[in-house]
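Residue strings, one per chain:
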Amino acid sequence: MKLILFYLSCFMAFVAGHMVNYSAILYSLEQFDSSLLAGLAYGLCFGPPIIFGWIAGAYIDRYSAKRVLLIAQNFFVLGGLGMLYVMAYQPESSIVIFLISSFFVGIAWSFVAPARFAAMTQYVSDEQLPQSTITFNLLVMIGFGLAPILLTQIQSVFEWKGVAITSIFMFMISSLLLLNAPNVHERLSHENLKQEWLGCFDAMKSIPVIPQLLFSAIIGYLLMGPMQVILPQVAEQQLGLNTIEKGQYLGLIALSLIIGGIAAMKLKGIVPIGKTIIGMLFLCGISMGLIGLIETVWLSCLVLVVATTLAGMVVSFIVAGLQHFTPVEVKGRVMSIYTIISQVISAMAGVLAGAIAQGVSVPFSLYVVGGLFIALTLMLFIKGQHIKRFDSFS
């Protein structure tokens, strides 16, 4: 029962979190009419982990994942309240308040995401951890994909204020579900941050597949930022979709990520994990460029489904691999690095894609990101000897 409550709490938090992220983008495009500002708001939602993520990882290993999680989730509420204030009253300093609110959301992501991953060990055995991690990651991806559908439906009826209020209440319920969660924790070290991180890096050097999995995560998350910043513009400008149709187009991400997560569950004991990760990353990069070329709705939908299904499988295999190989004494720090990658790389790619879209064109921004994606995957293929030998979780 406690595991089910944990999954439910995660699901609500990630749906609400991605609704806030999409609000930062779509509200900026609608009210401030700026692709660059949309990318900046998204960057502030996901950029702070590059600073706070290092503190988060050490604190999780010091004090317990549950304690860090429950404290940090309040920053989601603060960010949502700031956005609600802008949406309700539209003060003269709307842009500044909106960006500060996005920054609070970024602080929350810095601590909440790695804390949830680290907390998994409180609920399942080591043997069950890969399967449970893939299930957990499936909920993350469903939240990422379901958020734009819920957002557009709520926004069409209750306007932007309704979106913010819904997100705030979901965060609060998510926290309440964890009040009685297990909290078995033994502080393994309490040195200064530098020494704790040097110890983590030494542990990673002794298990070289971990850095290579993290590098593959860097490549994979180049896809996420442009998806959130650029795909709404592709739907509107390139495909000519209205507001509801745009939400449905973005909602295809939910369906494909679900398929990708389920496929990862089914295939985890069949395919060679490392080689599959590299092959699917190549195909994701090609698909990104194709979306910039295609102007036919059905074909664009098909390529989007293929790209995000593969992305869902890749991310599931990567995070399950990290959980599988990482020793418990540094798990908070390693999962914090993964969180920094998942959020900072997404944010940087989103800012880059938004700037290129505004300065040149929407399709060209996808070509640039897709080309970078393929080049980095080729580097992983050449240098990633340890990840290529990663065949299974046994």
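Just above sits the structure.
Residues numbered from 1 in each chain as written. Predicted model: local features only at pLDDT ≥ 70, side-chain atom pairs only at ≥ 80, totals over all residues. Heavy atoms only, no water.

1. Concerning the overall build of the protein
Put simply, the rule reads: A run of H or I in DSSP becomes a helix once it reaches four residues, and a run of E becomes a strand once it reaches two; helices and strands are each numbered from the N terminus. Restricting the calculation to C-alpha atoms gives the radius of gyration, and the globule rule supplies 2.2 Å times the number of residues raised to the power 0.38. Each residue gets one of three labels from its accessible area relative to the maximum for its type: buried under 20%, exposed over 50%, partly exposed in between, using a 1.4 Å probe on protein chains only. Here, two residues are considered to be in contact whenever any of their heavy atoms come within 4.5 Å of each other. Note that accessible areas follow from Shrake-Rupley with a 1.4 Å probe, and for residues the cover is restricted to the protein chains shown. Lys and Arg are tallied as positive, Asp and Glu as negative. Neither His nor the chain termini are counted. Throughout, a charge is located at the NZ atom of Lys, the CZ atom of Arg, the CG atom of Asp or the CD atom of Glu.
In terms of helices and strands, the protein carries 15 helices and zero strands. What you see for the protein is a C-alpha radius of gyration of 20 Å, in line with the 21 Å of a compact globule of 394 residues. Each principal axis of the C-alpha distribution contributes one length, and for the protein these read about 50 × 45 × 40 Å. Within the span of the protein, comprising 394 residues, buried residues form 60% of the whole. Put simply, of all contacts in the protein between residues at least 6 apart along the chain, 87% involve residues at least 24 apart. When the accessible surface of the protein is summed, it comes to about 15400 Å², and 68% of that surface belongs to carbon and sulfur atoms. Mean positive and mean negative side-chain charge positions of the protein (18 and 16 charges, respectively) differ by 10 Å.

2. Observations concerning the pattern of salt bridges
Short version of the rule: Think of a salt bridge as a Lys or Arg side-chain nitrogen and an Asp or Glu carboxyl oxygen that are within 4 Å of each other.
Taken as a whole and assessed by the stated rule, the structure comprises one salt bridge. For the salt bridge of Glu 236 with Lys 246, the shortest nitrogen-to-oxygen distance reads 3.4 Å. Here Lys 246 lies in helix 10 (residues 243–267) and Glu 236 lies in helix 9 (residues 224–238), a separation of ten residues in the sequence.

3. Topic: empty space enclosed by the protein
The criterion, for reference: Using a 1 Å grid laid over the protein atoms alone, points where a 1.4 Å probe fits but cannot get out form a cavity; open sets with protein on both sides within 12 Å along at least 5 of 7 lines form a pocket; any residue with an atom within 4 Å of a point counts as lining. Grid points are joined across faces, edges and corners, and a volume is the space filled by probe spheres set on the points. Think of it as three bins: nonpolar holds Ala, Val, Leu, Ile, Met, Phe, Trp, Tyr, Cys and Pro, charged holds Asp, Glu, Lys and Arg, and polar takes everything else, Gly as well.
Going through the model one piece at a time under the given rule, you end up with three cavities of 30 Å³ or more. Taken as a whole, the largest cavity holds about 270 Å³ of empty space. In this structure, the largest cavity is lined by 20 residues; those nearest its centre are His 18, Phe 46, Val 140, Tyr 221 and Ser 342. Only helix 1 (2–32), helix 2 (35–46), helix 5 (94–119), helix 6 (129–176), helix 9 and helix 13 (331–359) provide two or more residues apiece to the lining of the largest cavity. The dominant element in the lining of the largest cavity, judged by the number of residues it contributes, is helix 13, at five residues. Its residues placed into classes, the lining of the largest cavity shows 13 nonpolar, seven polar and no charged.

4. So, the packing of aromatic side chains
Any pair of aromatic rings gets described here by the distance separating the centres and the angle formed by the planes. Convention followed: Note on aromatic contacts: the rings of Phe and Tyr and the six-membered ring of Trp form a pair at centre separations within 6.5 Å, being stacked when their planes are under 30 degrees apart, edge-to-face when over 60 apart, and tilted otherwise. For a lysine, the NZ atom is tested; for an arginine, the CZ atom; a charge sits over a ring if that atom is within 6 Å of the ring centre and within 35 degrees of the ring normal.
Here the structure, examined in full by the defined rule, presents 18 aromatic pairs. For the pair Phe 6 and Phe 136, a centre-to-centre distance of 6.1 Å together with 15° between the ring planes defines the contact as stacked. With Phe 6 in helix 1 and Phe 136 in helix 6, this pair connects stretches of sequence that are 130 residues apart. Assigned by exposure class, Phe 6 and Phe 136 land together as buried. Ring-pair connections join several aromatic residues into one group, and the members of that group are Phe 6, Tyr 7, Phe 14, Phe 76, Trp 109, Phe 117, Tyr 123, Phe 136, Phe 171, Tyr 221 and Tyr 338. Above the ring of Phe 381, the side-chain terminus of Lys 388 is found at 4.6 Å from the ring centroid.

5. A short note on a nonpolar patch on the surface
Note the following rule: The patch calculation keeps residues exceeding 30% relative accessible area without a salt bridge and links them within 9 Å when they carry like charges or within 5 Å when they are nonpolar (Val, Leu, Ile, Met, Phe, Trp, Tyr).
Nonpolar side chains collect at one region of the surface, where Leu 283, Ile 286, Leu 290, Leu 293, Val 360, Phe 364, Tyr 367 and Ile 374 lie side by side and expose about 690 Å² of accessible area between them. Taken together, the elements giving at least two residues each to the nonpolar patch come down to helix 11 (273–293) and helix 14 (362–383).

6. Description of helix 4 (residues 65–89)
Structural remark: α-helix, 3.6 residues per turn; residues separated by three or four positions point the same way. For the record, the criterion: An expected span of 1.5 Å times one less than the residue number is assigned to each helix.
Between its first and last C-alpha, helix 4 extends 37 Å over 25 residues, near the 36 Å set by a 1.5 Å rise per residue. Looking one or two places after helix 4, you find Gln 90, whose phi comes out positive at around 45°.

7. Concerning the packing of helix 2 against helix 13
Threshold: Lines fitted to the C-alpha atoms define the axes, with helices restricted to the stretch that makes contact. Angles between their N-to-C directions range from 0 to 180 degrees. With respect to orientation, any angle under 35 degrees is reported as roughly parallel, any angle over 145 as roughly antiparallel, any angle of 65 to 115 as roughly perpendicular, and every other angle as oblique.
Direction vectors running N to C along helix 2 and helix 13 enclose 175°, while the axes themselves pass 8 Å from each other. Viewed along their axes, helix 2 and helix 13 adopt a mutual orientation that is roughly antiparallel. Seen from helix 2, the contacting residues are Ser 35, Leu 36, Gly 39, Leu 40, Tyr 42, Gly 43 and Phe 46; seen from helix 13, they are Ser 342, Gln 343, Val 344, Ser 346, Ala 347, Gly 350, Val 351, Gly 354, Ala 355 and Gln 358. In the contact of helix 2 with helix 13, the residues fall into eight nonpolar, nine polar and no charged.

8. A look at the packing of helix 13 against helix 14
Stated precisely, the cut-off is as follows: Crossing handedness is read from the near helix: turned anticlockwise from the far helix by less than a right angle, it gives a left-handed crossing, and turned clockwise, a right-handed one.
Where helix 13 contacts helix 14, the two axes come as close as 7 Å, and the packing angle between them is 140°. When the axes of helix 13 and helix 14 are compared, the pair comes out oblique. With respect to the hand of their crossing, helix 13 and helix 14 are arranged in right-handed fashion. Seen from helix 13, the contacting residues are Ala 353, Ile 356 and Ala 357; seen from helix 14, they are Val 362, Phe 364, Ser 365, Val 368 and Val 369. Here the contact of helix 13 with helix 14 is built from residues that sort into seven nonpolar, one polar and no charged.

9. Considering helix 12 (residues 297–325)
The end-to-end C-alpha distance of helix 12 is 42 Å, a good match for the 42 Å that 29 residues give at a rise of 1.5 Å each. A large share of helix 12 lies buried, amounting to 21 of its 29 residues.

10. Quick notes on the environment of Glu 329
Among the structural elements, Glu 329 can be located in the loop between helix 12 and helix 13. In sequence terms Glu 329 and Arg 62 are 267 residues apart; their C-alpha atoms lie 9.6 Å from each other.

11. Describing unusual backbone geometry
The phi angle of most residues is negative, glycine excepted, and most peptide bonds adopt the trans form. Although it is not a glycine, Glu 159 sits at a positive phi angle of roughly 65°. Within the secondary structure, Glu 159 is located in helix 6.

12. So, the side chain of Arg 116
As a reminder, the rule being used: Here a polar contact is recorded for every N or O atom pair within 3.5 Å, except that within protein the pair must consist of a potential hydrogen donor and a potential acceptor, and residues adjacent in sequence are included only if both atoms are side-chain atoms.
Turning to its location among the elements, Arg 116 is positioned in helix 5. A polar contact of 3.0 Å, which involves the side chain of Arg 116, links it to the side chain of Gln 73. Other than its neighbours up to four places away in sequence, Arg 116 contacts Phe 6, Ser 9, Cys 10, Ala 13, Phe 14, Leu 69, Gln 73, Phe 136, Ser 174 and Leu 178.

13. Some points on the nonpolar core
Definition in use: Among buried residues, those of type Ala, Val, Leu, Ile, Met, Phe, Trp, Tyr and Cys that are joined through side-chain atoms within 4.5 Å constitute a nonpolar core.
Judged by nonpolar contacts, the single largest core of 140 residues is most densely connected at Tyr 249 and Tyr 338. For this core, the element with the highest residue contribution is helix 6, accounting for 18 residues. Here Tyr 338 is in contact with Phe 117, Asn 137, Leu 214, Ala 217, Tyr 221, Val 315, Ile 318, Val 319 and Leu 322, once residues within four sequence places are set aside.

14. Observations concerning the side chain of Ser 365
Structurally, Ser 365 can be placed in helix 14. Here Ser 365 falls in the buried class, since its relative accessible area comes to 0%. The residues touching Ser 365, leaving out its near neighbours within four places in the chain, are Ile 230, Ala 353, Ile 356 and Ala 357.

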